[in-house]
Amino acid sequence: MPTIGKAKLQIWVKRLGLLLAFPVLSVIFAIGYVSIKIATYEQRDDAVHMAAKAAYLESITRAAPENAPDLVVILFDDLGYGDVGFTGNQMIATPHMDSLAAKGVVFENYYAPAPVCSPSRAAMLTGRMAPRAGLTHVPFPSGSTFDRLNRLFNNPVRLPREEILLSDILQAVGYETAMVGKWHMGDHAGSVPTQFGFQRFFGTYYSNDMNPFTLVRGTADIGEAVSHAAPFDQTQLNRLYAESAERFITEAATDKPLFLYFAHNFPHVPLYAAPSEKGRSDAGLYGDVVQGLDDTVGRLVAALKQRGRFDNTLILITSDNGPWWEGRGVGRGRKGVSFEGGIRVPFIAHWPQQIEPGRSAALAMGTDLLPTMLDELNVPPPPDRFLDGKSIAASLRGGPSPHEVLYHYAAGTLMAVRSATHKYRDRKAVAYPTDPVRLPIWQAHGPWLFDMRADPQETYDISMKQADIAARLKAQLDAKNAEMRVNPRGWK
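Residues numbered from 1 in each chain as written. Predicted model: local features only at pLDDT ≥ 70, side-chain atom pairs only at ≥ 80, totals over all residues. Heavy atoms only, no water.

Attention shifts here to the sheet that holds strand β12 (residues 413–419). Spatial ordering of the open sheet is given by β11-β12-β13-β16, a layout of 4 strands whose pairing is antiparallel. Each end of this open sheet is capped by a strand with a single partner; those strands are β11 (405–410) and β16 (448–451). Pairwise comparison of adjacent strand axes, ignoring direction, gives a mean angle of 20 degrees for this sheet. Note: strand β13 (residues 422–425) against β16, 4 bridges, orientation antiparallel. Within β16, the position partnered with Arg425 by the bridge is Trp448. Relative to the sheet, helix α13 (residues 467–486) contacts β11, β12, β13 and β16, its axis offset from that of β12 by approximately 140 degrees. (Pairing = 2+ DSSP bridges. Helix = DSSP H or I, 4+ residues; strand = E, 2+ residues; numbered from the N terminus. Axes fitted to C-alpha atoms, helices over the stretch in contact; angles between N-to-C directions. Contact = heavy atoms within 4.5 Å.)

Further remarks concern the nonpolar core. Leu71, Phe107, Ile169, Phe259 and Tyr261 are the most contacted members of the largest nonpolar core, which totals 57 residues. Sort the elements by how many residues they give to this core and helix α11 (residues 369–377) lands first, with 5 residues. In contact with Leu71, not counting residues within four places along its chain, are Leu166, Leu170, Tyr175, Leu258, Phe259, Leu260, Leu314, Leu316 and Met373. Counting 43 residues, the second largest nonpolar core, distinct from the first, contains Phe202, Tyr241, Phe262 and Ala273. (Core = buried A, V, L, I, M, F, W, Y, C linked by side-chain atoms within 4.5 Å. Buried < 20%, exposed > 50% of the residue type's maximum accessible area, 1.4 Å probe, protein only.)

Within the open sheet, the 10 strands sit side by side as β6-β5-β4-β3-β7-β1-β8-β9-β2-β10. Their pairing is mixed. On the outer flanks of this sheet lie β6 (223–228) and β10 (358–365), each paired with one strand and no other. Within the sheet, the average angular offset between the axes of one strand and its neighbour, ignoring direction, is 15 degrees. Two strands pair when backbone bridges link them, and strand β5 (residues 215–219) and β6 are joined in this way by 5 bridges, in the antiparallel orientation. Paired with Val216 across the two strands is Val226, which belongs to β6. Along the sheet, helix α3 (residues 95–102) contacts β1 (70–76), β2 (105–111), β8 (313–319) and β9 (347–350); its crossing angle with β9, the most-contacted strand, is approximately 60 degrees.

A few words on the pattern of salt bridges. Enumeration over the complete set of coordinates arrives at 29 salt bridges. Among the ionic pairs, Glu42 bridges to Arg44, the shortest N-O distance being 3.5 Å. Arg44 carries the same exposure label as Glu42, and that label is exposed. Among the charged side chains, a salt-bridge network with shared partners connects Asp77, Arg121, Lys182 and Asp320. (Salt bridge = Lys/Arg side-chain N within 4 Å of Asp/Glu carboxyl O.)

Printed below as a string of structure tokens:
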């Protein structure tokens, strides 16, 4: 057997060393690149539109008119369309919400602007779809693993400061404003509630499954600071939120209108119920939690009646998206997807002085809240940006929808278009989970057309049978995509 010379052996050792060094150096380079990118990530605000925001708010600043209504928006987290009595649930008792529904208007085709919470909330409070509002993904606590991933992929980690929220506008036109509950649009200075028009805040920046789960309290004058440090006993959440909301209602001046944004963390998981709330429903712990939420609605209604302006109080109750692991949606899908189960949510509007009881089939979306209040208060819209929502002031009073179609986005992608009668879903991946396999199968399907009158479950594709309708809705979807490519943030 031939022997290898010393020189040749040295050459092979060097070659082997180079081969081993290459992957090691690649790993070191990759780690360094990722670390630098995360460390140097900066979400920049638009200085031009920051200035336009300030100028707009200054231009509308005035005392509120005498007949301006109090406004209370109650937003639940992951509450399904079918989880309440006024939509037919017989396992969960929601008498306080049912009473408001019986004396107000229930919208049967009301949609969350996104199938997950942060984009949905940003869109609702700005009147602009999530891509316009600049928050298409869910932010995570600063420094967490998922926060680092967001930074790595250049995802937004907070609501851009140039966005104008309903709270900014109402505070400018003479309202006393407060938020109680879940913010979930970032924990960065400049993008927290008291810097977006809320004069008072008590709640949390994130979902109740994120750590550390702390409660924060603050005012616009002194800023925000931890009120209840982690680990926090979430069985006390209903009580603390209700007490904080009651305190704001009780202490608010009676000669000025108030705006309360009450955004609960439940029934998002993990589920918690106080001892007095457990075992009351026929739907297990989930039902107990929802009944506890209904109790808080009753406490807010009682405080509003005691305030003496109840007949001129507009109370809106809805959810940020469809149900997650438990809960009853409507139609196909759950939270996270743009099928009906993920985006069609319960909605009550109660305003005795202005609204007659009834049910409405009008199309509406969370983005309509801000334009509606602009309409009700005769306040001009911001001149430097497009609003995606439309005023449903007439719809609240029995009129038709202002929308020809609604656009359904998920993670910044336009997934579907809904008309009064049909829904067109573009060709997209659809998950097929199988027990007990952990990872679902993702396959592209579509485009699909559903008849929402005959088939609200989105069961049958009729795009071949009604090709003209499919073509019309596809054209609207394509036109919206083209518009967004040219002007994604919707600046004028």
